[in-house]
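Coordinate inspection notes
Here is what each chain is made of, one letter per residue.
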Amino acid sequence: MSANAPHTEPSASHWIEVLDGPTHGAAWPIPVGRLIVGRSPDCGAQIDHPHVSRHHCVFLRDEFAVRVRDLGSRNGTTINRQRTQGESVILPGDIVAIGQVLLRYVTEEPSAASRFRIQNSSGPAAAWSEGETVFNAQPDLQNRSVQLLT
C-alpha cells in the first residue's frame, strides 16, 4: 500500500475521514508533523476530485493541537462552513471542506475540555475544576478559545 493510499480502519490516534466524494469512507492518519491533502500523487492524502487542487491544504499536528492551512487552492478550505485564513486549529468532529469534499477530523484521545468538570455555568462565564484547582473562564466561541478570568 502506498503512503497516500487511504486506510479503511486507521490505527493512529488522529485521522481524517472522507464523508462524501470519490473516496467516501477512506481515512488517513494525521502524523505528528504534516499531512498534505490534494489530487497530486505526492500528497499524503490523495483525493481525485475536480474541485480539489493538486496541493489543496495541509494538516499540521504537534503535541498541542491539529491545525489546517489552505495552500492557495482555487476552491478554498472551510472548517465548519467558515473559510480558513492562515492556520486554523481544528477540534475532534470538525468538518473540513476542501472544494466540495467533506472531511471529518477524528481522534481517539479525549479533548482537553472533557477532562474538566463544570461546576457552575450561570451566565456566559463558567467554572471548571480539575482535581483541586478551580478555573473561571469566559468562552470565546468566535475565536474557539477560552479566556481565564481572575
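Residues numbered from 1 in each chain as written. Predicted model: local features only at pLDDT ≥ 70, side-chain atom pairs only at ≥ 80, totals over all residues. Heavy atoms only, no water.

Overview of the environment of His49
Relative to the elements of secondary structure, His49 occurs in the loop between strand S4 (45-46) and strand S5 (57-61). When the C-alpha atoms of His49 and Thr23 are compared, they prove to be 9.0 Å apart, with 26 residues separating the residues in sequence. Not counting the four nearest positions on each side in its chain, His49 is found in contact with Pro22, Arg39, Gln100 and Val101. Separated by 3.0 Å, the side chain of His49 and the backbone nitrogen of His51 make a polar contact. (Helix = DSSP H or I, 4+ residues; strand = E, 2+ residues; numbered from the N terminus. Contact = heavy atoms within 4.5 Å. Polar contact = N/O pair within 3.5 Å; in protein donor to acceptor, adjacent residues only side chain to side chain.)

Notes on the sheet that holds strand S3 (residues 33-38)
In spatial order, the strands read S4-S3-S5-S6-S9; together these five strands make up an open sheet with mixed pairing. The sheet terminates laterally at S4 and strand S9 (87-90), the two strands that pair on one side only. Summarising the sheet, S3 and S4 pair through two bridges and their orientation is parallel. Following the sheet pairing, Gly38 is matched in S4 by Gln46. (Pairing = 2+ DSSP bridges.)

Thoughts on the confidence of the model for the protein chain
On average, residues of the protein chain carry a pLDDT of 77, and 64% of them reach 70 or more. Every residue in residues 110-132 scores below 50 in pLDDT, and together they form 36 contacts with partners more than four places removed in sequence or on other chains. (pLDDT = per-residue confidence, 0-100.)

So, the pairing of strand S6 (residues 66-70)
Across a regular strand the side chains alternate sides, sitting on one face of the sheet and then on the other. Taking every second residue as pointing to the same face, the buried face of S6 carries Val66, Val68 and Asp70, while none of Arg67 and Arg69 on the other face is buried. One ladder, built from five bridges, connects S5 with S6; its direction is antiparallel. The residue bridging Phe59 from the neighbouring strand is Val68, located in S6. In sequence, S5 turns back onto S6 through a hairpin of four residues. Judged from the four bridges that link them, S6 and S9 form a sheet pairing that is antiparallel. Paired with Val66 across the strands is Ile90, a residue of S9. (Buried < 20%, exposed > 50% of the residue type's maximum accessible area, 1.4 Å probe, protein only.)

Quick notes on the pairing of strand S10 (residues 95-98)
Where strand S7 (residues 77-79) lies against S10, three bridges are found, and the strand directions are antiparallel. Bridge assignment links Ile79 to a residue of S10, and that residue is Val96. In this structure, S10 lies alongside strand S11 (residues 101-107), joined through four bridges in antiparallel fashion. If you follow Ile95 over to S11, its bridge partner there is Arg104. Count of turn residues in the S10/S11 antiparallel hairpin: two residues, of which Gly99 carries a positive phi of about 60 degrees.

Details of the state of the cysteines
Scanning all chains against the criterion turns up zero disulfides. The structure places no disulfide on Cys43, whose sulfur is separated from the nearest cysteine sulfur, that of Cys57, by 9.0 Å. Accessibility expressed as a relative area gives 1% for Cys43, which makes it buried. (Disulfide = S-S within 2.5 Å.)

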